Amino acid sequence: MLSLARVGRRLPMGLARRVVGGHSSALLPRCDVMGATNKHAHHPPKNLDQRHRLHIGFASLSSALPFTSEETTMDEPSKLRAGDTALDPQATIMLTSLRGGVSSFDCPAPPSIESNKRLPSGAESTTCWSANRQSEVQLARAFDQAWEELVEEDDSEALRVLNGEEGASVTMTCRLGYRSAVVLSEDEVKDAKDTTETNDCVEREGAFGGDARVGMLYAGKSAEDAEDEVSQPAVVLVHNLSKEYVLHSLRTSPLVQQYKLDKENVGSEGGPAKKVQLLSVAHNPETQIAAYLLSHHGETGDAALLEKAHEHMKQSLTSAFVGYEIAVTEGLIDGYGVDSNGLSLPESHDMHFGWRDVLECAANAYAEVNGDNVGGRASLKVIRLPGNVLETRGLTVANEICSFFGDGNEGDSTEEGLPSFTDDETDPEVHQKRALRKLRKVLPESVEVYVTRPLTAYPYGGTGWGPSSPGLAESSGAPPLFLNGEQDADSSGDSDGKKIDATHPIRILDYQIEAGAVGKDPSLVWSNHHYQQLGARPASYQPILNAALSHFDADEILEASRERDLTMEERETLDGCKLLRDMIHDLDASLDTMKSYAAYEEYLMNKAVPLIYGAFEELDEESTGYLQLFFRVHGMAVRMAVARWTRDLLLAGWNSGEDDASATKDKSQEKTIANVWTTLGFGDFDGGYNIPEEQTLQEFALGRLLKEDAVRGLVIGCSRPEHVLEAMRVADSSDNKK
């Protein structure tokens, strides 16, 4: 082990976190996705019509909720301060939203069981049961806190929504499909039969017909390996869309219990019951396609197997919708929908399925539950799919759905499905269109399309499947590794931020960067404004880079080596200095190739920081300080490089002007970017976008989607109240004109 110590202080354990901005605001600048501190932003009048299209998600908070902290439990959530009241992080976001007229919220996915220290010890544990409901518990608690705060404030506009006046209501949407499940033997199940109904045995793998294992969360431990000599079962990620599982989940849902079944659910001091519209959506039904192909791989010919897999998926989705229709009649939910990546995938993709399949499943489910009940309609309310300025297939699908339903009046809908002499009678799609036309009377009059991850673009929908990848249905090829809880080699921890892959998508963002020279109080500016006004690197970057390289040049030891033999400690110190200088040089040289800040963070955590720990037993305080300063300013430079690359990808050769007529186009750059779009599997390249330099990428991307008439909602992940305020500002600025 090497020692680079004047004072002899050990490398602090907190350095790894501070290097990548984990918990110390003193080391790295704020990296807001959106924030209210944009000095260049104007604040237009409130546009409630556009604000109502915003649906606030908490995906970026789900990994920070109680199950990842040893200090917090379901009864003791982490707190933030809002005024004089201690609120959950989600509550501050909900409070900000409701104050601004935004009343639709998306329940985050349950926290990953693998990050929880209190793993199951047997069939009678409740770890998985609790984890599967943790996000709902947290969302209900956050909403109740926001409610109490608004009642105390007597905010008339927000209370009108909370009280359900004039058709207003709060909407909460939950996804259903995936769950954590313990793996138990038949003997373990038999021993647990007489225990409580709220334990892990009830939701074990195989407890419901249609369970499909899609990942390994925890491998389990034998009694010999466990610290307390008690064996721990494996925990797997399971996907299920059966009617039985849907009804079980909804009947035991904390949100259903609190806002649908608890008739005494009132506000503070006996106030009115909270008016909550509860929707549940079948999450990623295309997973059933992949699971079927995995379990039947190589049994029949490729085309026949794929056709059977799609039929299996439709049967599973119909079963889920049957459960949902029953749940609507029982008053458990107000409607249902589907949230699917497969809807935005190209038709050539094995995991693609069409929006007409969703309508067909909903109509068949309604008929199964209601029989010949004349006058009723399916309770399908929403179709959610990925869509953004890069993944444009989702927007095409949204327009097709909108065209099918027209303006919600039967007379405005398309004439799709009418017989035509040009129809190919052997085409299954022709028969499906005709069947849907006959089912119009039971289909809903309209279905809203919501776009998910509007600021995040995944190559090939995040499936890891590209043109060179073998299809799942091909007997000679292997299915995507993520279905077994693994990663592709290209998307492993070896990523250093220089490429985009299935686990490191493109974030359509500008970042807030510290502006100002070394020694001066920094101010925060957006990376696009910094690039325009101050250059491509933070002003403090080059001085700090030079200072760090100088500090580790080991001149004194090199000079001594010319006069005498070095001691063992001096030789090790010289080697250590060379290692650090090489690492700093490499990081500096890679700046202009950076495409993913998340991958860069992983590289630091998995490669750079362990390299430092492995090489040095001790670091003096001054050396530690230089490293921290370098990583801080380098992180800002990486953000700027990533944002610039993303902007260039969207510009596709445009040199911004006030409008398309005054802008110029670099045809060579356009051709290069078109090839990148194709390589990453995005929608058809349409020439890029003329993005004003003064506009942040998130403002442009959200504003563009809000101008799409077919898109009735944007599901936006917010981890800070400022993100909500910025999203509302973009909505207020949107004029609905493309």
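Residues numbered from 1 in each chain as written. Predicted model: local features only at pLDDT ≥ 70, side-chain atom pairs only at ≥ 80, totals over all residues. Heavy atoms only, no water.

Per the secondary structure count, the protein includes 23 helices and 21 strands. A buried classification covers 53% of the 738 residues belonging to the protein. By sequence separation, contacts in the protein at least 24 residues apart represent 78% of the contacts at least 6 residues apart. (Helix = DSSP H or I, 4+ residues; strand = E, 2+ residues; numbered from the N terminus. Buried < 20%, exposed > 50% of the residue type's maximum accessible area, 1.4 Å probe, protein only. Contact = heavy atoms within 4.5 Å.)

Counting buried residues along strand β12 (residues 380-386), six of its seven residues qualify, which places the element largely inside the surrounding structure. Direction of pairing for β12 relative to strand β13 (residues 448-452): parallel, over a ladder of five bridges. Its bridge partner lying in β13, Ile383 is registered against Val449. (Pairing = 2+ DSSP bridges.)

Below, the discussion takes up the sheet that holds strand β7 (residues 178-182). One open sheet accounts for three strands, arranged β7-β9-β8; its pairing is antiparallel. Single-partner strands in this sheet number two, and they are β7 and β8 (212-218). On average, adjacent strands in this sheet sit at an angle of 30 degrees to one another, irrespective of strand direction. With five bridges connecting them, β8 and strand β9 (residues 235-239) associate as antiparallel partners. (Axes fitted to C-alpha atoms, helices over the stretch in contact; angles between N-to-C directions.)

Glancing now at the confidence of the model for the protein. With 73% of its residues at a pLDDT of 70 or more, the protein has an overall mean of 79. Across the protein, strand β11 (residues 335-339) holds the top mean pLDDT of 97, while helix α1 (residues 14-19) sits lowest at 40. Note on residues 6-41: pLDDT under 50 across the span, and 98 contacts to partners over four residues away in sequence or across chains. Low confidence marks residues 475-493, where pLDDT is under 50. Its contacts with residues over four positions away, or in another chain, come to 40 contacts. (pLDDT = per-residue confidence, 0-100.)

The final tally for this structure, using the stated rule, is 25 salt bridges. Between Asp211 and Arg179 there is a salt bridge, and its shortest N-O distance comes to 2.7 Å. Placement of Asp211 in the loop between α7 (186-192) and β8 and of Arg179 in strand β7 is noted, with a sequence separation of 32 residues between them. A salt bridge links Asp339 to Arg384; its shortest N-O distance comes to 2.7 Å. (Salt bridge = Lys/Arg side-chain N within 4 Å of Asp/Glu carboxyl O.)

With that settled, consider the side chain of Thr92. Mapped onto the elements of the fold, Thr92 is located in helix α4 (residues 89-99). A relative accessible area of 6% places Thr92 in the buried class. A polar contact is formed between the side chain of Thr92 and the backbone oxygen of Pro89, at a distance of 2.7 Å. (Polar contact = N/O pair within 3.5 Å; in protein donor to acceptor, adjacent residues only side chain to side chain.)

Residues Glu124, Glu186, Asp187, Glu188 and Asp191 make up a contiguous surface patch of negative charge. Tracing the backbone through its elements, the reader meets Glu186 in helix α7. (Patch = residues over 30% accessible without salt bridge, like charges linked within 9 Å, V, L, I, M, F, W, Y side chains within 5 Å. Areas by Shrake-Rupley, 256 points an atom, 1.4 Å probe, with all protein chains shown as cover. Lys, Arg positive; Asp, Glu negative; His and termini not counted. Charge placed at Lys NZ, Arg CZ, Asp CG, Glu CD.)

The next point concerns the packing of aromatic side chains. With the rule as written, the count across this model stands at 15 aromatic pairs. Measuring from ring centre to ring centre gives 5.3 Å for Tyr324 and Tyr336, while their planes differ by 15 degrees; the resulting arrangement is stacked. Taken as a pair, Tyr324 in helix α11 (residues 302-329) and Tyr336 in strand β11 lie far apart in primary sequence, 12 residues in all. With respect to class, Tyr324 is no different from Tyr336; both count as buried. Ring geometry for Trp677 and Phe682: centres 6.3 Å apart, planes at 85 degrees, overall edge-to-face. For the cation-ring pair, Arg133 lies above Trp129, with the distance from its terminal atom to the ring centre recorded as 3.6 Å. The aromatic ring of Phe404 is capped on one face by Arg440, whose charged end is 3.8 Å from the ring centroid. (Phe/Tyr/Trp six-rings, centres within 6.5 Å; stacked < 30°, edge-to-face > 60°. Lys NZ or Arg CZ within 6 Å of the ring centre and 35° of its normal.)

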